[in-house]
Amino acid sequence: SFAQNYSFFRKTTVLRKKITALVNKFYPTADFKVIFQSGYSLRRMFSYKDKIPNKCLTGVVYYTHCEKCGPGKAYIGKIKNTLFERFYASNGHLHPNSK
């Protein structure tokens, strides 16, 4: 309600003045400002965009070690397909049946 919001506003204003007075007393040359920010808002509860699962990402640059390729072998690559298609689909490098 308006009365509750006004009461909160008055309390924060008083608190701001007291904090500013204390800082100015001990540090008169400091450029000090008190800013209050609400921790809760509808905007902070929800992201703007839907998250895409990692396995559906494209254009990913990756670095991987491969036991199938031999000891000490690694590969750096960039994919056009999704991560899932690159590594786990029927022709993917990490598919159990791939050679």
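Numbers given for residues are sequential positions, taken from 1 along each chain in its written order. Per-residue local features are limited, in this predicted model, to residues with pLDDT of at least 70; the limit for side-chain atom pairs, both in listing and counting, is 80 or more; totals at the level of whole chains, interfaces and linings are taken over all residues. Computation of side-chain values covers all heavy atoms of the structure but excludes hydrogens and water.

**Quick notes on the overall build of the protein**
Then comes step 1: A run of H or I in DSSP becomes a helix once it reaches four residues, and a run of E becomes a strand once it reaches two; helices and strands are each numbered from the N terminus. From N to C terminus, the protein includes three helices and two strands.
Then comes step 2: Counted from the first residue to the last, the protein has its helices and strands arranged as α-α-β-β-α.
Then comes step 3: Whether a residue is buried, partly exposed or exposed follows from its accessible area with a 1.4 Å probe, protein chains only, as a fraction of its type maximum: under 20%, in between, or over 50%, in that order. For the protein, with 99 residues in total, the buried portion stands at 16%.
Then comes step 4: Pairs of residues are marked as contacts when any of their non-hydrogen atoms sit within 4.5 Å. Here the analysis covers contacts within the protein between residues at least 6 apart in sequence; of these, 26% occur between residues at least 24 apart.
Then comes step 5: Surface accessibility of the protein: about 9300 Å² in total, with carbon and sulfur atoms responsible for 59%. We get accessible surface area from the Shrake-Rupley algorithm with a probe of 1.4 Å; when it comes to residues, only the shown protein chains can shield them.

**Observations concerning the confidence of the model for the protein**
Then comes step 1: Scored between 0 and 100, pLDDT is the confidence that the predictor attaches to each residue. When pLDDT is averaged along the protein, the result is 76, and 77% of the positions lie at 70 or above.
Then comes step 2: Least confident of the elements in the protein is helix 2 (residues 42–45), whose mean pLDDT is 69; most confident is helix 1 (residues 2–26), at 82.

**What about the side chain of threonine 82?**
Then comes step 1: Relative to the elements of secondary structure, threonine 82 occurs in the loop between strand 2 (74–78) and helix 3 (83–87).
Then comes step 2: Discounting chain neighbours no more than four positions away, the residues touching threonine 82 are Lys55, Cys56, Leu57 and Thr58.

**Regarding a nonpolar patch on the surface**
Then comes step 1: Patch membership needs two things, relative accessible area over 30% and no salt bridge, and members are linked within 9 Å if like-charged or within 5 Å if nonpolar (Val, Leu, Ile, Met, Phe, Trp, Tyr). Salt bridges are counted wherever a side-chain nitrogen of Lys or Arg sits within 4 Å of a carboxyl oxygen of Asp or Glu. Taken together, Leu22, Phe26 and Tyr27 make up a surface patch of nonpolar side chains, about 380 Å² in accessible area.
Then comes step 2: Here tyrosine 27 is to be found in the loop between helix 1 and helix 2.
Then comes step 3: A relative accessible area of 55% places tyrosine 27 in the exposed class.

**Side note on the environment of proline 53**
Then comes step 1: For proline 53, the position within the fold is in the loop between helix 2 and strand 1 (61–65).
Then comes step 2: Between the C-alpha atoms of proline 53 and leucine 83, which are 30 residues apart in sequence, the distance is 10.0 Å.

**As for the environment of lysine 80**
Then comes step 1: Tracing the backbone shows lysine 80 in the loop between strand 2 and helix 3.
Then comes step 2: Assessed through its relative accessible area of 80%, lysine 80 is described here as exposed.
Then comes step 3: Along the backbone, lysine 80 and valine 61 are 19 residues apart, and their C-alpha atoms lie at a distance of 9.8 Å.

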